[in-house]
Each structure stands twice: as C-alpha cells, then as structure tokens.
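Okay, here's what each chain looks like letter by letter:
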Amino acid sequence: MAGEIDLDRLPSLTRETSKMKFFLTRDKVEVYFKNDQCSISVNSRGQYVTVTDRNGHQRDYLIGKKLPEKVWKKYTVATKFVDLVRSKTSKVTFYTGNDREFKNLEDRGNRFTILKAVLMENRDFEISVRDYFTNSIQKIKLNKVCFPDNPNPFESKLELLYQHCLSVDTSLTNIEKISTLKCFPVTLGTKTGTRKATDQTSVNFSTAASSRFGKTATLPGIGIASQSPGGTITISFEDGSSISVSPDSRITFTSKNGVSESFNREDSLPKRAVERLKYIPKAVERLRKRSYSII
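Residues numbered from 1 in each chain as written. Predicted model: local features only at pLDDT ≥ 70, side-chain atom pairs only at ≥ 80, totals over all residues. Heavy atoms only, no water.

A. Layout of the overall build of the protein chain. Per the secondary structure count, the protein chain includes five helices and 18 strands. Within the span of the protein chain, comprising 295 residues, buried residues form 47% of the whole. A separation threshold of at least 6 residues defines the contact pool for the protein chain, and within that pool the share at least 24 residues apart is 46%. With the model as given, the accessible surface of the protein chain reaches about 16300 Å², and the carbon-plus-sulfur share is 47%. (Helix = DSSP H or I, 4+ residues; strand = E, 2+ residues; numbered from the N terminus. Buried < 20%, exposed > 50% of the residue type's maximum accessible area, 1.4 Å probe, protein only. Contact = heavy atoms within 4.5 Å. Areas by Shrake-Rupley, 256 points an atom, 1.4 Å probe, with all protein chains shown as cover.)

So this is what it looks like as structure tokens:
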C-alpha cells in the first residue's frame, strides 16, 4: 500500500537522466518516463496518483489502495526522488562559531574545527569540518565519519550537536502546530569569524552556544518576550502574568498573583492560558530579529 508524499519546504527544481525527467514544485512531483512516453504525478499530501499515457489520456489511482504493479514501480521512482531531495534540503543549520566546545580538539593537535551542523528534512545529519593541515573543508555524515589513521575524534560532539538540532526541530515544529508561523528552514548560532548571530536565527537551543547568550524583545502594549539560554520562550505581560513554552513543548502559565500552572501539549488548556499563548508567534517573530546579548 502506498503512502502520501509530503513536499513541504522542498525547493522547486528539474532534473533529467537518460531515461527520466523529474519536475518538483511546492505542490506536485512529476516524473516523465522517456522510453514509455508516459508520466506520473502526485500532489503534495494528495490522495491520488495520476498517470498520463503516450496519447495524453489520464487515469487516477487512489494511493490508499494497492496500486497496479506498473503504476507502483513508477510511483516508487517518484517517492525515491522526493526522498533524495529531502536528504539534501537543510531544515536546521547550526553554526558553532568560535565556541570552544566544538573546535580545536586537543587529542588531534588542534587540527580540526567543526564549522556547522545541518539537520536535513529527512533527519539526515552532517557536519562541516575544517582541516587546518590540508586547509580543506569536509562534509561528513553522521555515523560515517572517518579520519586518517585515527578513530573519529568527534563522536561525542556529533551526538551533542545532533541532539541540539533535534531539539530545535521538535520545538519549532510544535510552535508551528499552535500558530500560523513558518519556522523552517532555521539557522542558529554564529559563523566563524563573526560576532553577531545570523539574521535567520529563530531559537537557539544549543547548550554550548547559548550558555552565554540570550535574547529579549519588547512587544508594544503586551510586555517583554525573552529567550532563555535553555531555549524557553517567555512573555512577561504588563499585568504581571507570564507564559512560557519550553523546548519539550511544556507550557507554564503564571498569573499576576504569582500562581504557576504547567501543562503538557496534550493537556486541555484553560482559557486564561490559551488567551496568552496566542502571543507566542509574535514573540518568536520579534526574537528572531534580535541579536544575542550576554546574560
């Protein structure tokens, strides 16, 4: 049984081989088979596969049912192409900047520096590493790291970076679910040699990079929004109440009398919390435009 195809956030592009031509847009993937002179197309999250034969005749097949073998094989080609694009489309990019946590490893004689980590749309993970001995930059996939003559010196760092990027992915995905804000692709941290965070930074959940940095922003007529080193977003309202959303999507509402209540995402939120929660997207939008400051 075939599953639906998700094209969210994938770039529009065209690719061609000796036997096929691929077309990808925000709404649809289409594959033209040159030898058969026919094509197959599927809308993003669509329910049908559309096959167009060499005479221009079209026929729709329901994705939820077992597809004819010939249609299934062509549909598989389309899904594999989408999977390939997802594996090469960045979702979360984290620049390590000049943070000592990720550079100049003592056991390698200060040979390597991790420049950035990237989590792809399919959750593949890679890092870019500068080799000062060869003055080159290597892109390395998670679990496929191999350095000359020695075991992987970045094993612990890779896991740390990977978990940071996954936390960002999960947290911003949850924010998208409770708002209309589009949070991806997102870029975090500071490029090597710069002092300011990138303008695209939305939320920094990195323990290493955020241990010294945080952000605040004023929401006129509402209050003050802040992003803690741990990644929690808080709005302190002018009436003395506040609401916070943590990286694990836990919501905390504090009344103006100082009484706090915490809720999981699955919990039914009281009206007073829902009314405050609606300002979180505006807070995120303001915070993403702010530079980091030492806290």
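Picking up after the structure, the text goes on.
B. Structural context of the sheet that holds strand 6 (residues 58–62). Spatially, the six strands line up as an open sheet ordered 1-2-3-4-5-6, and their pairing is antiparallel. Where the open sheet ends on each side, the last strands, each with one partner, are strand 1 (13–16) and strand 6. In this sheet, neighbouring strand axes are inclined to one another by 15° on average, regardless of whether the strands run parallel or antiparallel. (Pairing = 2+ DSSP bridges. Axes fitted to C-alpha atoms, helices over the stretch in contact; angles between N-to-C directions.)

C. Representation of helix 5 (residues 280–287) in the model. Among the residues of helix 5, those classed as buried are Ile-280, Pro-281, Ala-283, Val-284 and Leu-287. Along the long axis of helix 5, the arc covered by the buried residues comes to 160°, so they all point the same way. (Arc of directions from axis to C-beta.)

D. Structural detail: helix 1 (residues 69–87). Given a rise of 1.5 Å per residue, 19 residues ought to cover 27 Å, and the 27 Å separating the end C-alpha atoms of helix 1 matches this to within 8%. Burial in helix 1 covers these residues: Val-71, Lys-74, Tyr-75, Ala-78, Thr-79, Phe-81, Val-82, Val-85, Arg-86 and Ser-87. (Expected span 1.5 Å × (residues − 1).)

E. Here's a closer look at the packing of aromatic side chains. Counted according to the given criterion, the structure contains four aromatic pairs. Each ring, one from Phe-22 and one from Phe-81, has its centre 4.4 Å from the other, and the planes form 20°; the classification is stacked. In this pair, Phe-22 sits in strand 2 (residues 20–24) while Phe-81 sits in helix 1, placing the two residues 59 residues apart along the sequence. Phe-81 shares its class with Phe-22; the two are buried. In this structure, Lys-74 packs its charged tip against the face of Phe-33, placed 5.0 Å from the ring centre. In this structure, Arg-276 is placed above the aromatic ring of Phe-237, and the distance from its NZ or CZ to the ring centre is 4.4 Å. (Phe/Tyr/Trp six-rings, centres within 6.5 Å; stacked < 30°, edge-to-face > 60°. Lys NZ or Arg CZ within 6 Å of the ring centre and 35° of its normal.)

F. How the structure looks around the pattern of salt bridges. Under the defined criterion, the tally for this structure stands at 13 salt bridges. For Arg-123, the salt bridge goes to Asp-169, with nearest N and O atoms at 3.1 Å. Remark: Asp-169 occurs in helix 2 (residues 155–177) and Arg-123 occurs in the loop between strand 8 (112–120) and strand 9 (125–131); sequence separation between them is 46 residues. Take Arg-123: its relative accessible area is 39%, and that puts it in the partly exposed class. You can call Asp-169 buried: its relative accessible area is 3%. Here Lys-141 ties to Glu-126 by a salt bridge, and the two come within 3.6 Å at their closest N and O atoms. Taken together, the residues Lys-141 in strand 10 (residues 136–141) and Glu-126 in strand 9 connect sequence positions 15 residues apart. Classification of Lys-141 as partly exposed rests on a relative accessible area of 28%. (Salt bridge = Lys/Arg side-chain N within 4 Å of Asp/Glu carboxyl O.)

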